[in-house]
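Notes for the structure review
Below, each chain spelled out in residue letters.
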Amino acid sequence: MGVVGIEWGGLSEVLMVIATVRRMVLVGVMVAGVAQGAVAQEGAAALHPVDAFAMRDDGPVLRQAVQAGEPFTVAGTQGVVLGQQQGTFEAWMLPVKLLSHMTIEADVQGYDVPIDVNSMAREIEVRPDRTTITYSHLAFTLRQTMFATEGGAEGTGAVVLFQMDSLHPVDLVFRFTAEMREMWPEPNFGVPSPEWVKQGDSGLYVLHTDFPTLAGAVAIPGATHGIMAPYQERPAVYPLEFHLHIDPKDKGRVYPLLMAVGRTKETATNAVLEQKLRAMDETLPEMYAKEAARYAEQEKTLTSLKTPDAALDADFGWAETSIGQLRAKAQPSGEIALVAGYYASGDSARPGFGWFFGRDSLFTLYAVDSYGDFELSREELEFLMKRQREDGKMMHEYSQTAAYVDWKALPYEYAAADATPLFLTAMMDYVRSSGDVAFLRKHRAEVMKAWAFETGHAGKDGIYNNAQGTGWVESWPGGMPHEEIYLALLDEQASAAMGELGGLMGDDAVAGQAKERSGRLHATIEREYYRPDAKTYAFSRNEDGTLDTTATVYPAIAWWDGGKGLEHPGASLRAWASHDFATDWGLRDLASTDKYFDSMSYHQGSVWPLFTGWESVAEYRAGHALAGYQTAMQNVELTDAQDIGAVTELLSGEFYAPFGRSTSHQLWSSAMVVTPVMRGLFGIDVDGLKHVVSVTPRLPAQWDGAEVDRVRVGESVVNVTYKREGMVMVVGLVQVSGEAVRFAGGGTVLRVPLPAVEVGIGRGLPLPGARTTQMKVLDEAVDGRSLRLEMEGMAGTESVLEVRRNDAGVKVTAEGGVVAGDALRVKFGAGSGYVTQVVVLRW
């Protein structure tokens, strides 16, 4: 298909090699012009519209009015449809971009004006198994339904259905750009040459490239072609068109946009491509039913929530769906693995970050383990281990076309240093959650190689540093760091994980060394990075021992893997919860008061849901549940804020708006809905090795109880129930299947003491384009019969919090606020910008 093992030279050399491998002599295809007279295979049935078929009408659904310019994603393992909510889209039969810039125009009989159908997009409905955009005009309603398919013929993977309900006959014109472009970085040359293959009164386009090993086919049954410039005409590129006539009596018919690609000499022929389209045309109801059934089964098997917050319950499920939709089939191996995310590529060959990333998937596996899809975790770990470098370093980046170029000669595969420690922590998280020691022992060699790489590339202070690739930042105003606290903390946590992994592999010597190393690294990080004057932690350490003291969110990673955290966290936690870091839609990575802060920068001030998730976990595990809840819910709210059902990659650090190039369906962003909720709010940690569950509940004060259903603990499944009974949170385990599961202290009922008084806060995103103005909870502490809250809000404003009396008989008084019934009113003083207010509740 492509070129492997080439030392890339000038463009002419590349062209010559590609030409040789792909044999540019293309027999029977007109490149300079367009073939128009081809006829379908003799005796073969013509493609045809299909009768409307039943689609699932239960299960999760998100509906909203169309927001022009906002994206949507329909993704599966083999195909992706990416577009804007007004209905324009591009289609990929992975890893090939088949077409783009699809638009629709209508001409209604007796209504003599062309109608821009996309401007009539009114509603978008997103379900796990399909997305539908409804166009509404006074003369017709057109529905465009898109779904991805899994397990179909190679070169297929997505279908678009059109169904018209009209008062009068309508002529539709579908216009699109033929692309036939391999995903980056596979070279692409020229534009495809369309051939119209006639089938009775209709037909299909075959999109030929300059190579006999790459072609595509597109059809709408019943449609005819548009502009077809003859060979004799001057060379020009025209949009391709399907012309489709629909009568009112056709209301019950569905017109599918069928798409296929061939990437070998054998599969890129007209005959094979036609056969693929025909097979889809004949089995559309079955193809859809298979996808609908797969999602219905997922809803019955993965973890789900039942809380007083129905929107949270739904968005948690959407996060699971969003992650699963980013599974892609690697070529040519056929492996299934997670890509980082999708976004429409425009005129490029890069659909967002639609290829495989090490650290993105490894952070995500914590969420996957939390909701119990252990098969997906194994699948991903296997994929990464197969691409582990010989010296043990784990991969960072692997394109969907990496196998067809000299990928190792490019600077991407092992560019980052953090995938190696994350591999060790994620492996331990999987083994602990699943109890799958056999998997660990099977891959002992890969684990030991990763450990050897990490420990063999430490600096003078014993910490694995940035000499082996980037830590977090990929650019930095003061010059690239020598050793980031982010990477140092991952090294500490990976060493702790290796202490457990070594024991499970039966290697007590390695286990002991790793545990000792983890403790030593913890002490070194505290000694080298903690700044007693500021009571915070530095961003990075230079080789000469001096510090870059930029105020960042990166030290929050200390709590990620459930380890020791930081020894002096107070000032850092307070800063992260404040408006200096916390916007109303998530966490900046740099403080807004820092000299390097730039709200439009990728690494120096933007808001990432990833950082928001890190900070939420840190706040929860450090005992700051209100700040943890505030940030966790911001990620939850983003689920239907842009690419409906998914969470975007990054947003401005000053205005509530995503970056223009933000990958809108982002893997680890959706993961950061799950992990802070499961491990922070519900405080659930499972041990499939021992069949026990540890719970540290941190439920919002406004909740009387909740239930987390289908929590997987190894091969067992339990429901975890929470119920307030006065000054006690009663947590229960209800066995669903498998070996009996108990709490870490024994039994199936846990009684957790509660304070007599709690407060609860609301949630909600601001309006698009807004700046940060919402109240922040900087600190909270219960001491005997009092609760101290340090808060900040805009000068002259008032915030209302809910007061919960777990002891109904207590009388509550307030300093710095007013308690009236179940409400706590806090007024922020005069001034400008944010001002702080300390409130003390006593009872």
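Heads up: these notes are all about the structure in this document.

Each value, and the rule that gives it
- Residues numbered from 1 in each chain as written.
- Predicted model: local features only at pLDDT ≥ 70, side-chain atom pairs only at ≥ 80, totals over all residues.
- Heavy atoms only, no water.
- 1 Å grid on protein atoms, 1.4 Å probe; cavity = no way out; pocket = protein on both sides within 12 Å on 5 of 7 lines; lining within 4 Å.
- Points joined across faces, edges and corners; volume = space filled by probe spheres on them.
- Helix = DSSP H or I, 4+ residues; strand = E, 2+ residues; numbered from the N terminus.
- Buried < 20%, exposed > 50% of the residue type's maximum accessible area, 1.4 Å probe, protein only.
- Lys, Arg positive; Asp, Glu negative; His and termini not counted.
- Salt bridge = Lys/Arg side-chain N within 4 Å of Asp/Glu carboxyl O.
- Polar contact = N/O pair within 3.5 Å; in protein donor to acceptor, adjacent residues only side chain to side chain.
- Contact = heavy atoms within 4.5 Å.
- Pairing = 2+ DSSP bridges.
- Axes fitted to C-alpha atoms, helices over the stretch in contact; angles between N-to-C directions.
- Phe/Tyr/Trp six-rings, centres within 6.5 Å; stacked < 30°, edge-to-face > 60°.
- Lys NZ or Arg CZ within 6 Å of the ring centre and 35° of its normal.
- Core = buried A, V, L, I, M, F, W, Y, C linked by side-chain atoms within 4.5 Å.
- Expected span 1.5 Å × (residues − 1).

Structural notes on empty space enclosed by the protein
All chains considered together, the criterion is met by four cavities of 30 Å³ or more. Lining the largest cavity are 23 residues; nearest its centre among them are Thr-73, Ala-75, Arg-127, Pro-128 and Gln-325. Elements with a contribution of two residues or more to the lining of the largest cavity: β4 (71–75), β9 (121–127), β10 (130–137), α2 (270–301) and α3 (310–324). The volume enclosed by the second largest cavity comes to roughly 50 Å³. Around the second largest cavity sit Trp-576, Ala-577, Ala-582, Thr-583, Glu-615, Ala-627, Gln-630, Thr-631, Gln-634 and Lys-776, which together line it. Taken together, the elements giving at least two residues each to the lining of the second largest cavity come down to α11 (570–577) and α13 (625–637). For the lining of the second largest cavity, the element with the highest residue contribution is α13, accounting for four residues.

What about the side chain of Glu-780?
Checked against the element boundaries, Glu-780 lands in strand β39 (residues 776–783). It turns out Glu-780 is buried and unbridged, and the closest side chain with the opposite charge, Arg-698, is 9.4 Å from it. Here Leu-626 takes part through its backbone nitrogen, which lies 2.7 Å from a polar atom of the side chain of Glu-780. Those residues in contact with Glu-780 that lie beyond four places of it in its chain are Gly-623, His-624, Ala-625, Leu-626, Ala-627, Arg-788 and Leu-789.

Brief notes about the sheet that holds strand β34 (residues 716–725)
The strand order across the open sheet formed by five strands is β20-β33-β34-β35-β37, and the pairing between neighbours is antiparallel. This sheet does not close on itself; its edge strands, each paired only once, are β20 (304–306) and β37 (749–753). Within this sheet the neighbouring strands show an average axis-to-axis angle of 20°, counted without direction. Pairing of β34 with strand β35 (residues 728–737), which is carried by nine bridges, proceeds in the antiparallel orientation. Residue pairing for β35: Thr-721 is matched across the bridge by Gly-732.

Things to note about the environment of Val-218
Mapped onto the elements, Val-218 comes out in strand β16 (residues 215–219). In this structure, the C-alpha to C-alpha distance between Val-218 and Leu-273, residues 55 residues apart in sequence, is 9.1 Å. Those residues in contact with Val-218 that sit more than four places away from it in its chain are Leu-98, Leu-99, Phe-176, Leu-204, Tyr-205, Leu-207, Phe-242, Leu-257, Leu-258, Met-259 and Leu-277.

What to know about the pairing of strand β5 (residues 79–84)
Burial analysis of β5 places five of its six residues in the buried class, the great majority of the element. As defined by bridge partners, β4 adjoins β5 across five bridges and the pair is classed as antiparallel. Across the sheet, residue Phe-72 finds its bridge partner in β5, namely Gly-83. Hairpin connection of β4 to β5: three residues between the antiparallel strands. In the sheet, β5 pairs with strand β6 (residues 89–93) via five bridges, with the strands oriented antiparallel. By the bridge assignment for β6, Val-80 is matched with Trp-92. What sits between β5 and β6 in their antiparallel hairpin is a turn of four residues, with Gly-87 showing a positive phi close to 105°.

A look at the packing of aromatic side chains
Evaluation of the coordinates by the stated rule reveals 45 aromatic pairs. Arranged with centres 5.8 Å apart and planes meeting at 90°, the rings of Phe-353 and Phe-357 form a pair that is edge-to-face. Look at Phe-357 and you get buried, because its relative accessible area is 7%. Ring centres of Trp-472 and Trp-608 lie 5.6 Å apart, and the angle between their planes is 70°; this geometry places the pair in the edge-to-face category. Here the residue Trp-472 occupies a position in the loop between α8 (444–456) and β25 (483–484), and Trp-608 occupies one in the loop between α11 and α12 (609–621), the gap between them amounting to 136 residues. Given a relative accessible area of 0%, Trp-472 falls into the buried group. Taking NZ or CZ as reference, Arg-350 lies 4.3 Å from the ring centre of Trp-184, over its face. The residue whose ring lies beneath Arg-389 is Tyr-414, and the NZ or CZ to ring-centre distance is 5.1 Å.

Some details on the nonpolar core
It is characteristic of soluble globular proteins that their nonpolar side chains tend to be buried jointly. Ranked by size, the top nonpolar core spans 173 residues in total, and within it Trp-614, Phe-682 and Ile-684 carry the most contacts. Contacts of Trp-614, omitting those with residues within four sequence positions, involve Phe-363, Trp-472, Tyr-486, Tyr-554, Ala-556, Ile-557, Trp-560 and Met-672. Among the nonpolar cores identified, the runner-up in size contains 56 residues, and Val-108, Ile-133, Met-180 and Trp-318 belong to it.

Let's talk about the pattern of salt bridges
Within the structure shown, the criterion is met by 49 salt bridges. Across the pair Glu-758 and Arg-724 runs a salt bridge whose closest N-O atoms are separated by 2.6 Å. Of this pair, Glu-758 sits in strand β38 (residues 757–760) while Arg-724 is found in strand β34, placing the two residues 34 residues apart along the sequence. The network of salt bridges with common partners includes Glu-150, Glu-291, Arg-294, Arg-327 and Glu-379.

With respect to the sheet that holds strand β31 (residues 684–687)
Here we have three strands laid out as an open sheet, ordered β31-β32-β36, and mixed in their pairing. Sheet topology places β31 and β36 (742–743) at the edges, where each strand pairs with a single neighbour. In the sheet, β31 pairs with strand β32 (residues 692–695) via four bridges, with the strands oriented antiparallel. Each bridged residue has a counterpart across the sheet, and for Val-686 the counterpart in β32 is Val-693.

A word on the environment of His-579
Examined against the element boundaries, His-579 turns out to sit in the loop between α11 and α12. Sequence spacing of His-579 and Thr-772 is 193 residues, and the spatial spacing of their C-alpha atoms is 7.4 Å. Setting aside its immediate chain neighbours within four residues, His-579 contacts Arg-588, Ser-592, Lys-776, Glu-792 and Tyr-834.

Remarks on α12
Between its first and last C-alpha, α12 extends 18 Å over 13 residues, near the 18 Å set by a 1.5 Å rise per residue. Of all 13 residues that make up α12, 12 are buried, and the element is covered over most of its length. Listed as buried for α12 are Pro-609, Leu-610, Phe-611, Thr-612, Gly-613, Trp-614, Glu-615, Ser-616, Val-617, Ala-618, Glu-619 and Tyr-620. In the segment just after α12, Gly-623 is the residue with positive phi, at about 90°.

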